[in-house]
Amino acid sequence: RWTRTRAIMPPKLDDPKRKVFIVWETDRGNNGDFIINVHSSLSIHNNTNVDLSFFLFCPSWDSDIWFDTILPHEKKHVPISLSCATHVRLATLKHSSKKKAGSTSINDFNVTSHVLIAPTCYTSSYQVRTCLTKVEPNFTKEFHFINRIECIEGVTALYVEPVVKVVSLLPCFLKCQ
């Protein structure tokens, strides 16, 4: 017999009773001290050669929330208050908005569609391909990415990678066109 089930709607960001999940890592320092690192359960890794901005979204929120711009080959943890996000959008600043360097409005960015980053189970891994169209005054450029979402024991990591990687094992430089 089929029973209807629904996903639990996450609470609003300003709800004082909402649960927040944190990761607590301990380590031993060189002099024997304990080092405690506390961070959110969601991290984003930019494994591309372009600066990418990220907007986070959850169905219980009113709109997308700007997280940060992550430099190439950099990793950042999402703030604990935003770690319950279920979707992410990749973004680059529009050409006309270059003057507004500190802008966090989604209207000033070229963005992808929402990408689901909610883990499918306690330990899971899946990939989603996305396309970011950058519209400039004289040309239109498309960036394609593979988003790999890995969840290990409830800790989720989003890896944004290019679709194609060329690795040269030759003893000389390699040019591609």
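As a reminder, the structure under discussion sits directly above these lines.
For the structure given in this document, a descriptive report is provided here. (Residues numbered from 1 in each chain as written. Predicted model: local features only at pLDDT ≥ 70, side-chain atom pairs only at ≥ 80, totals over all residues. Heavy atoms only, no water.)

Looking at the overall build of the protein
Here's step 1: When you go through the protein residue by residue, the secondary structure sums to zero helices and twelve strands.
Here's step 2: When each of the 177 residues of the protein is scored for burial, the buried share is 36%.
Here's step 3: Here the analysis covers contacts within the protein between residues at least 6 apart in sequence; of these, 51% occur between residues at least 24 apart.
Here's step 4: Accessible surface, the protein as shown: approximately 12,100 Å² in total, 55% of it carbon and sulfur. (Helix = DSSP H or I, 4+ residues; strand = E, 2+ residues; numbered from the N terminus. Buried < 20%, exposed > 50% of the residue type's maximum accessible area, 1.4 Å probe, protein only. Contact = heavy atoms within 4.5 Å. Areas by Shrake-Rupley, 256 points an atom, 1.4 Å probe, with all protein chains shown as cover.)

Focus: the packing of aromatic side chains
Here's step 1: For the coordinates displayed, the defined rule picks out two aromatic pairs.
Here's step 2: A ring pair is formed by F55 and F109, whose centres lie 5.2 Å apart and whose planes are at 80°; its orientation type is edge-to-face. One end of the pair, F55, is in strand β4 (residues 52–57); the other, F109, is in strand β8 (residues 109–111), and 54 residues separate them in sequence.
Here's step 3: Taking 6.4 Å as the distance between ring centres and 20° as the angle between the ring planes, the aromatic pair formed by F143 and F145 counts as stacked. (Phe/Tyr/Trp six-rings, centres within 6.5 Å; stacked < 30°, edge-to-face > 60°.)

Some words on the pairing of strand β7 (residues 87–93)
Here's step 1: Among the seven residues in β7, seven count as buried, and that is most of the element.
Here's step 2: Across five bridges, β4 lies against β7 in antiparallel orientation. Across the sheet, residue L56 finds its bridge partner in β7, namely V88.
Here's step 3: In this sheet, strand β9 (residues 115–116) lies alongside β7 in antiparallel orientation, the contact comprising two bridges. Looking across to β9, one finds that V88 is bridged to V115.
Here's step 4: Here β7 runs beside β8; their pairing, made up of three bridges, is antiparallel. Paired with L93 across the strands is F109, a residue of β8. (Pairing = 2+ DSSP bridges.)

Focus on the side chain of H39
Here's step 1: The residue H39 is located in strand β2 (residues 34–40) in this model.
Here's step 2: Side-chain polar atoms of H39 contact the side chain of H77, separated by 3.3 Å.
Here's step 3: Apart from residues lying up to four places away in sequence, H39 is in contact with I22, V23, E25, H77 and I80. (Polar contact = N/O pair within 3.5 Å; in protein donor to acceptor, adjacent residues only side chain to side chain.)

Quick word on the pattern of salt bridges
Here's step 1: Applying the stated criterion to the full structure yields four salt bridges.
Here's step 2: Here E161 makes a salt bridge to R148, at a shortest N to O gap of 2.8 Å. Taken together, the residues E161 in strand β12 (residues 155–162) and R148 in strand β11 (residues 140–152) connect sequence positions 13 residues apart. (Salt bridge = Lys/Arg side-chain N within 4 Å of Asp/Glu carboxyl O.)

Topic: the environment of I152
Here's step 1: Within the element layout of this structure, I152 appears in strand β11.
Here's step 2: Judged by its relative accessible area of 52%, I152 falls in the exposed class.
Here's step 3: Separated by 27 residues in sequence, I152 and S125 have C-alpha atoms that sit 8.4 Å apart.
Here's step 4: Setting aside anything within four residues of it in sequence, one finds I152 in contact with Y122 and T123.

Topic: the nonpolar core
Here's step 1: Counting 23 residues, the largest nonpolar core has I44, F54, L56 and V88 as the members making the most contacts within it.
Here's step 2: Counting residues per element, the ones that place at least two in this core are β3 (42–46), β4, β5 (65–70), β7, β10 (124–135), β11 and β12.
Here's step 3: Beyond its immediate stretch of four places on either side in the chain, V88 contacts F54, F55, L56, S113, H114, V115, I117 and L158. (Core = buried A, V, L, I, M, F, W, Y, C linked by side-chain atoms within 4.5 Å.)

Digging into the pairing of β10
Here's step 1: Alignment of β10 against β11, held across twelve bridges, turns out to be antiparallel. Residue pairing in the sheet places T133 in a bridge with E142 of β11.
Here's step 2: Hairpin connection, β10 to β11: the antiparallel pair is bridged by four residues.

What about a nonpolar patch on the surface?
Here's step 1: Together, V163, V164, V166, L170 and L174 make up a nonpolar patch on the protein surface, roughly 460 Å² of accessible area in all.
Here's step 2: Tracing the backbone through its elements, the reader meets L174 in the segment after β12.
Here's step 3: On the accessibility criterion, L174 (45% relative accessible area) is partly exposed. (Patch = residues over 30% accessible without salt bridge, like charges linked within 9 Å, V, L, I, M, F, W, Y side chains within 5 Å.)

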